[in-house]
Amino acid sequence: MKASNFYISTLKEAPAEAELISHQLMIRAGLIRRLGSGLYNWMPIGLRVLRKIESIIRDEMNKAGAIELLMPAIQPSDLWEETGRWDVFGPQMLKINDRHDRSFCFGPTHEEVITDIVRNEINSYRQLPINFYQIQMKFRDEIRPRFGVMRAREFLMKDSYSFHSNHESLKETYEKMHQTYSRIFDRIGLKFRAVQADNGAIGGDGSHEFHVLADSGEDEIVYDENSDYAANIEVAKNHPDKDKFKTCRGIEVGHIFQLGTKYSEAMKAEFLDELGQSKPIIMGCYGIGVSRIVAAAIEQQHDEKGIIFPESIAPFEVILTPIGYDKSVDVKKMTNDLYQLLIKNGFDVLLDDRGLRPGVMFSESELLGIPHRITISEKTLTEGKLEYKHRKDNEAEFILFNSIINKLQGC
């Protein structure tokens with residue numbers, strides 16, 4: 001991608017209401033722009049990050065045997081009345097009426113909708129187990145939206161729902177999703193912990209939260225250094241040994257639940273077992289806050305210059321910052337040759353061909369968090385070298401042109 005054909009809009013200062021560093025940097029780097037309270041436009045550079053996270057999630061969910069579908073964002077009230085959650089879910093639910101005065105909501109979650117699908121599609125144990133997922137916008141009317149996309153009213157979420165004929169099958173899928181989530185967060189490049197959690201408004205029999213570790217995290221996590229035990233503070237306060245436990249802060253980015261028959265019984269989603277007897281389908285559900293991951297990754301990895309994105313989700317892997325691109329024929333040719341070489345070798349490259357001053361190009365690339373920066377100038381050309389700098393390094397180094405691919409692949 002050439003910068004002249006893309007849209008990059010960075011700011012020197014963040015708005016005063018941006019409290020968290022992730023909110024400040026996402027505004028300054030032009031990832032998002034505020035539309036209203038808890039509502040954000042995802043600008044082109046931010047959307048690239050979102051799409052890369054989505055791609056990792058889709059890849060791992062598909063490998064785990066889950067099947068993608070897409071459900072409506074707007075849901076009729078009668079489904080929620082069947083489960084009793086129309087009133088219970090509370091003021092977080094945005095309720096709306098159509099021109100015929102029928103009640104709907106902008107979906108905060110999709111247990112009712114997916115259960116309605118399954119009760120109309122699944123009727124035999126031979127069709128189970130099955131796991132459906134979607135990646136879609138949700139809306140929860142937060143009483144005090146804050147921290148940018150960390151606690152926005154509209155947010156992008158991956159939610160999946162599994163259906164089973166027995167509890168052993170549910171536990172197998174639950175464990176598979178636990179492992180899948182761990183692979184997803186590992187591939188994204190996050191330091192995280194999976195902790196025992198309370199089921200809250202979703203309900204069910206057991207759950208785990210996945211937290212990105214960050215000092216700015218809203219949630220307190222309790223863990224035991226001498227075992228695998230970890231839990232959120234609500235669960236841990238009832239533990240008999242709660243006093244070796246240590247604490248840290250976390251940002252919740254994923255949550256998995258063993259729902260059991262809470263929704264299938266309420267909505268009469270049943271199947272016929274091997275003996276021809278009708279039984280309620282057993283359910284699990286599994287959510288990932290896709291847009292929240294962007295903010296969590298920035299909270300975990302940044303410095304005074306800006307964002308330090310993990311390579312897997314950076315808007316671009318490599319940025320070329322030629323000095324004199326619009327003035328030197330040799331610099332332009334070498335830059336274009338390198339640009340094509342990197343693309344040929346599968347790198348996601350941004351060529352800054354806007355003719356900006358070196359200091360401006362460098363500071364902008366650091367603000368954006370692009371992992372690899374390569375600078376071409378008449379000086380480097382006379383030496384047959386390129387100037388290379390990793391986003392995490394303090395100093396640049398000079399590398400022979402023929403060695404740059406090996407350098408990037410080895411990072």
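Note that the structure is a prediction, hence the values are computed from the model and not measured.

(A) How the structure looks around the pattern of salt bridges. All chains considered together, the criterion is met by 29 salt bridges. Its salt-bridge partner being Glu68, residue Arg58 comes within 2.9 Å of it at the nearest N-O pair. Taken as a pair, Arg58 in helix H2 (residues 44–63) and Glu68 in strand S3 (residues 67–68) lie far apart in primary sequence, 10 residues in all. A salt bridge links Arg354 to Glu364, with the shortest nitrogen-to-oxygen separation between them at 2.3 Å. With Arg354 in the loop between strand S20 (349–351) and helix H11 (358–368) and Glu364 in helix H11, this residue pair connects regions lying 10 residues apart in the sequence.

(B) Seen up close, the packing of aromatic side chains. Under the counting rule described, the total for this entry stands at 8 aromatic pairs. The interplanar angle of 85 degrees and the centroid separation of 6.1 Å between the aromatic rings of Tyr181 and Phe185 together place this pair among those described as edge-to-face. Of this pair, Tyr181 and Phe185 both sit in helix H6 (residues 167–188), 4 residues apart, roughly one helical turn. Per residue, the accessibility class of Tyr181 equals that of Phe185, and both read buried.

(C) Main features of the sheet that holds strand S19 (residues 318–320). Taken in spatial order, the 5 strands of this open sheet run S20-S19-S21-S22-S23, and their pairing is mixed. A single partner strand is all that each edge strand has here, and the edge strands are S20 and strand S23 (397–400). Adjacent strand axes in the sheet meet at a mean angle of 30 degrees, parallel and antiparallel pairs treated alike. Examined bridge by bridge, S19 and S20 share 3 bridges and lie parallel to one another. Across the sheet, residue Ile319 finds its bridge partner in S20, namely Leu350. Packed on one face of the sheet, helix H10 (residues 329–344) meets S19, S20, strand S21 (372–375) and strand S22 (385–390) and runs near 165 degrees to S20. Here H11 sits on the sheet in contact with S19, S21 and S22, set at roughly 165 degrees to S21.

Parameters at a glance
Residues numbered from 1 in each chain as written. Predicted model: local features only at pLDDT ≥ 70, side-chain atom pairs only at ≥ 80, totals over all residues. Heavy atoms only, no water. Salt bridge = Lys/Arg side-chain N within 4 Å of Asp/Glu carboxyl O. Helix = DSSP H or I, 4+ residues; strand = E, 2+ residues; numbered from the N terminus. Phe/Tyr/Trp six-rings, centres within 6.5 Å; stacked < 30°, edge-to-face > 60°. Buried < 20%, exposed > 50% of the residue type's maximum accessible area, 1.4 Å probe, protein only. Pairing = 2+ DSSP bridges. Axes fitted to C-alpha atoms, helices over the stretch in contact; angles between N-to-C directions. Contact = heavy atoms within 4.5 Å.

Interpretation note: all reported values are geometric properties and have no functional meaning in isolation.
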